[in-house]
Amino acid sequence: MKYIDEFRDKELVQEIVRRLERLAPAAATIMEVCGTHTMAAARFGLRSLLPESVQLISGPGCPVCVTAQTDIDAFLALGDEPGVILTSFGDMLRVPGSHTSLERRRAQGAAVRVVYSPLDAVELARREPGKPVVFFGVGFETTMPAIALAICLAAEQQLENFSVLCVHKTIPLALRALLASGEVQVSGLLCPGHVTTIIGAEAYDFLPRDFGLPCAVTGFEPVDMLLGIEAILRQLQEGQARVDNVYTRAVKVQANPRAQALLAEVFEPCDAEWRGLGLIPGSGVKIRPPYAGYDARLRFPEVWEHLAPAPPSPCRCGEVLRGVLRPRQCPLFRQTCTPSQPLGPCMVSSEGACAAAYRYDG
Amino acid sequence: MCLAIPMRLIEIDGAAGVAEVDGVTRQVRLDLLPEVALGDYILIHAGLAIARVDPDQAQETLSVLRTLADEVY
């Protein structure tokens, strides 16, 4: 496939690997922020290509994984409301709530539909005017414009039976919170290429400025990711810290102005609860008052009135998401927590660090 | 979850379009990318085109790499 195969070229990969050997510092820990990077690194065996002194660790960039337990429980509870059809990206289907999952609820006969796009959920609402259709709005900046557009299109069509449970989160504030905690020590960050198509590479300028960290915005093919790692090692060697963009075919320095206008029209910032990171002020979004009719929290307030707090769980996904515990260091990994019987989201999501380690790291 | 696939834009109808990859076609929305034209490659995520793939930039990344690879031998 064009723009994929060229960036998997073996000779080019080998060339960059040779250059990485020459640049290798005594020790470097690079965090891949994005879950899609985590999966690509595992799938292409990139860790085995890196110099021994260079470690790659996973960060908080798997949206499924960082969704708070109470938000998952709330979405599952929405399915008990009369006539409701729950719609979601497939990634959320098997993620365990406190007592059940979307997949189990579907097997028990609940109306749960997996959609490729939130626009499909709007179309479903149009075809089923008598039934409330609720979409689970999970995802970072890459995904948020599609949900904002779905809400705008529902409003245009004056659909009264469509709503969104919005638990979207924004990446830069999560990175700031994670780094400011001092809990995890990294030498540089691979920044998520597709989030950056929306927010622009300049959104990470605070990372070199406030934390002295080299950064590289990169794509998702092996050549892209290795170029990102090379850019970070080069900055380390030069004693520099800046944001390099090695995904220039898709990413610009500035944000996409259309996307920013769409997001500002539909959403406004709010505090958000992250699994593993806790409450991060201003790191979430909620639906603005002109679109309040599309906000599931306002449409079904009774669900939140009856929602029990999530019971304690032995799951240590939170530490994995902060990069302080490697999947294999978790005592549950491969023992009581497996992809077929997952205890936490990092083992469920195709982009979770534990699922990637289980599937690809032997 | 942030996966986005490069697909070729084969139809445009206002803010809607059709994109194709390996014989698979998909309806897409083009609201974020007013500059796209037929034949462009676009990155599609959840039904929305989020970026146009810049062919010159793609070529430059690859040709710089190939030049460096050749110099080694």
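Rules behind the numbers
Residues numbered from 1 in each chain as written. Chains lettered and ligands numbered in written order. Predicted model: local features only at pLDDT ≥ 70, side-chain atom pairs only at ≥ 80, totals over all residues. Helix = DSSP H or I, 4+ residues; strand = E, 2+ residues; numbered from the N terminus. Rg over C-alpha atoms; globule rule 2.2 N^0.38 Å. Buried ≥ 20, exposed ≤ 12 C-beta atoms within 10 Å, placed from the backbone. Contact = placed C-beta atoms within 7 Å. Expected span 1.5 Å × (residues − 1). Pairing = 2+ DSSP bridges. Core = buried A, V, L, I, M, F, W, Y, C linked by C-beta atoms within 7 Å. Axes fitted to C-alpha atoms, helices over the stretch in contact; angles between N-to-C directions. Arc of directions from axis to C-beta. pLDDT = per-residue confidence, 0-100. Nonpolar A, V, L, I, M, F, W, Y, C, P; charged D, E, K, R; others polar. Domains from an automatic or database assignment.

**A word on the overall build of chain A**
Okay, step 1: For chain A, the helix and strand inventory stands at 17 helices and 11 strands.
Okay, step 2: Over its C-alpha atoms chain A spans a radius of gyration of 21 Å, differing by no more than 12% from the 21 Å that the globule rule assigns to 362 residues.
Okay, step 3: Overall size of chain A, expressed as C-alpha extent along the three principal axes, is 65 × 45 × 40 Å.
Okay, step 4: When each of the 362 residues of chain A is scored for burial, the buried share is 53%.
Okay, step 5: Long-range pairs, those at least 24 residues apart, make up 78% of the contacts in chain A between residues at least 6 apart in sequence.

**With respect to the overall build of chain B**
Okay, step 1: Helix and strand counts for chain B stand at one helix and five strands.
Okay, step 2: Listed by position from the N terminus, the elements making up chain B come as β-β-β-β-β-α.
Okay, step 3: The C-alpha atoms of chain B give a radius of gyration of 15 Å, which is well past the 11 Å a tight globule of 73 residues would have.
Okay, step 4: In terms of its C-alpha atoms, chain B occupies a principal-axis envelope of roughly 50 × 25 × 20 Å.
Okay, step 5: Looking at chain B residue by residue over its 73 residues, the buried ones come to 40%.

**Brief notes about helix α11 (residues 222-238) of chain A**
Okay, step 1: With 17 residues, α11(A) should reach 24 Å at 1.5 Å per residue; the first-to-last C-alpha distance of 24 Å fits that figure.
Okay, step 2: Remark: A:Gly239 follows α11(A) within two positions and exhibits a positive phi of approximately 70°.

**As for the pairing of strand β2 (residues 16-21) of chain B**
Residues and elements named next belong to chain B.
Okay, step 1: Here strand β1 (residues 5-13) pairs with β2 via five bridges, running antiparallel. Opposite glutamate 11, over in β2, you have valine 18 as the bridge partner.
Okay, step 2: Hairpin connection of β1 to β2: two residues between the antiparallel strands, including glycine 14 at a positive phi of 65°.
Okay, step 3: Relative to strand β3 (residues 24-29), β2 runs antiparallel, the two being bridged by six bridges. Following the sheet pairing, alanine 16 is matched in β3 by arginine 29.

**A look at the nonpolar core**
Okay, step 1: Within the largest apolar cluster, 144 residues are counted, with the highest numbers of intra-cluster contacts made by A:Leu78, A:Leu165, B:Ile42 and B:Ala49.
Okay, step 2: When residues in this core are grouped by element, the largest group, nine residues, is from α11(A).

**Focus: the sheet that holds strand β9 (residues 243-245) of chain A**
Two orientations exist for strands paired in a sheet by backbone hydrogen bonds: parallel and antiparallel.
Residue and element names in this part refer to chain A.
Okay, step 1: Here five strands make up an open sheet; going across it, the order is β2-β1-β7-β8-β9 and the pairing parallel. Looking along the sheet, the strands with just one partner apiece sit at the ends: β2 (54-61) and β9. In this sheet, neighbouring strand axes are inclined to one another by 25° on average, regardless of whether the strands run parallel or antiparallel.
Okay, step 2: In this fold helix α8 (residues 171-180) packs onto β1 (28-34), β2 and β7 (188-192), with an angle of close to 120° to the strand it touches most, β2.

**Topic: the environment of A:Leu178**
All names here are of chain A.
Okay, step 1: Turning to its location among the elements, leucine 178 is positioned in helix α8.
Okay, step 2: Remark: the alpha-carbon pair of leucine 178 and threonine 218, spanning 40 residues in sequence, is separated by 20 Å.
Okay, step 3: Filtering out sequence-adjacent residues up to four positions away, leucine 178 remains in contact with Pro60, Val184, Leu277 and Arg322.

**A look at the sheet that holds strand β3 (residues 85-88) of chain A**
Residues and elements named next belong to chain A.
Okay, step 1: The strand order β4-β3-β5-β6 describes an open sheet built from four strands, whose pairing is parallel. Where the open sheet ends on each side, the last strands, each with one partner, are β4 (112-114) and β6 (162-166). Geometrically, the sheet is characterised by an average inter-axis angle of 25° between neighbouring strands, direction not taken into account.
Okay, step 2: Strand direction decides the pairing type here: strand β5 (residues 133-137) and β6, joined by five bridges, are parallel. In the sheet register, glycine 137 faces β6, and the bridge partner there is cysteine 166.
Okay, step 3: Of the strands in this sheet, β3, β5 and β6 touch helix α4 (residues 69-78), which is tilted by about 160° from β6.

**Some thoughts on helix α6 (residues 118-127) of chain A**
Okay, step 1: Turning to α6(A), its buried residues number three or more, namely A:Pro118, A:Leu119, A:Ala121, A:Val122 and A:Ala125. In an axial view of α6(A), the angular spread of the buried residues amounts to 155°, which keeps them on one side of the axis.
Okay, step 2: Check the buried side of α6(A) and you find it contacts β3, β5, α7 (144-156) and β6 of chain A together with β3 of chain B.

**Side note on the confidence of the model for chain B**
All names here are of chain B.
Okay, step 1: When the pLDDT values of chain B are averaged, the result is 92; 96% of them are 70 or greater.
Okay, step 2: At the low end of the mean pLDDT range in chain B sits helix α1 (residues 55-72), at 85; at the high end sits strand β5 (residues 48-52), at 98.
Okay, step 3: For this predicted complex, the interface confidence reaches an ipTM of 0.95, while the overall pTM sits at 0.95.

**Some remarks on the interface of chain A and chain B**
Okay, step 1: Each partner contributes residues to the interface: chain A has 39 residues there, and chain B has 29 residues.
Okay, step 2: If you list the elements that add at least two residues to the side of chain A that touches chain B, you get α1 (10-23), α2 (35-43), α3 (63-66), α6, α7, α9 (193-199) and α12 (257-266) of chain A.
Okay, step 3: Here the element with the most residues in the side of chain A that touches chain B is α9(A); it accounts for four residues.
Okay, step 4: Counted by class, the side of chain A that touches chain B contains 21 nonpolar, 10 polar and eight charged residues.

**As for the domain arrangement of chain A**
For interface size, the figure often reported is the accessible area lost on association.
Residues and elements named next belong to chain A.
Okay, step 1: Taken domain by domain, chain A comprises domain 1 (5-61 + 178-245), domain 2 (65-170 + 255-305) and domain 3 (317-360).
Okay, step 2: When each unit is reduced to the centre of its C-alpha atoms, the spacing between domain 2 and domain 3 is 25 Å.
Okay, step 3: Counting from both sides, the interface comprises nine residues of domain 2 and, opposite them, 12 residues of domain 3.
Okay, step 4: Here the side of domain 2 that touches domain 3 is composed, by residue class, of five nonpolar, one polar and three charged.

**What about unusual backbone geometry?**
Residues and elements named next belong to chain A.
Okay, step 1: Unusually for a residue other than glycine, tyrosine 3 sits at a positive phi of about 65°.
Okay, step 2: Inspection of the secondary structure puts tyrosine 3 in the segment before α1.
Okay, step 3: Classification of tyrosine 3 by C-beta neighbours within 10 Å gives buried; the count is 20.
Okay, step 4: Even without glycine at this site, glutamine 158 takes up a positive phi of about 55°.

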